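In case you want the letters, here they are:
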Amino acid sequence: GHPKVVVVQQDLSDLDSIDKSVQELKAAGIVVDVLINNAGLAPINWQLTKQGFDVAMGVNHFGTAHLTLQLNEQGLLSHGPLKSSTR
């Protein structure tokens, strides 16, 4: 059989939207096997996100980091929790 594909709408410029999409995945019992954070927004005009960040920084960095952290905290990464180590 083919793997199950689930589409969840999300706005990487809105941390609330990210939280909502992660909760939708959790409610559906979905775990993420592969996550590629490849946002590359370069707006022509300066804008702010709903939370008041510069939109490029909000989407390209804060949004993708928030998504990854939320998936990790909710146990939705198939390989287990992310671990960080410093040496």
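Counting restarts for each chain, with residues numbered from 1 along the sequence as it is written. Side-chain atom pairs in this predicted model are given and counted only at pLDDT of 80 or more, local residue features only at pLDDT of at least 70, and totals for whole chains, interfaces and linings cover all residues. Side-chain numbers come from the whole structure's heavy atoms, not from hydrogens or water.

Trainee: Which residues make up the pattern of salt bridges, and what are the values?
Mentor: Criterion for a salt bridge: a side-chain nitrogen of Lys or Arg within 4 Å of a carboxyl oxygen of Asp or Glu. Applying the stated criterion across every chain yields a total of three salt bridges. Between K50 and D14 there is a salt bridge, with the nearest N and O atoms lying 3.9 Å from each other. Here K50 is found in the loop between α1 (15-27) and α2 (55-73), whereas its partner D14 is found in the segment before α1, with 36 residues between them in sequence. K20 is paired through a salt bridge with E24; the nearest N and O atoms lie 3.8 Å apart. Of this pair, K20 and E24 are both found in helix α1, four residues apart, which corresponds to roughly one turn of the helix. Salt bridges here are not isolated pairs; linked through shared partners, they connect D14, D16 and K50. Starting at the N terminus, helices and strands are each numbered in turn, a helix being any DSSP run of H or I of at least four residues and a strand any DSSP run of E of at least two.

Trainee: Give a detailed account of the environment of D16, specifying residues and quantitative values.
Mentor: You can see D16 is positioned in helix α1. For this analysis, residues touch if any pair of their heavy atoms sits within 4.5 Å. Setting aside its immediate chain neighbours within four residues, D16 contacts K50 and Q51.

Trainee: Explain the nonpolar core to me, and be specific about the residues and the numbers.
Mentor: Side-chain atoms within 4.5 Å link the members of a nonpolar core, which is a set of buried Ala, Val, Leu, Ile, Met, Phe, Trp, Tyr and Cys residues. Burial classification: accessible surface area is computed with a 1.4 Å probe over protein chains only, and a residue below 20% of its type maximum counts as buried, one above 50% as exposed, and the rest as partly exposed. I18, V22, L25, I30, V32, L67, L71, L76 and L77 form the largest nonpolar core, which has nine residues in total. Within the residue set of this core, elements represented by two or more residues are α1 and α2. Broken down by element, this core gets its largest block of residues, three residues, from α1. Setting aside anything within four residues of it in sequence, one finds I30 in contact with K4, V6, L25 and L76.

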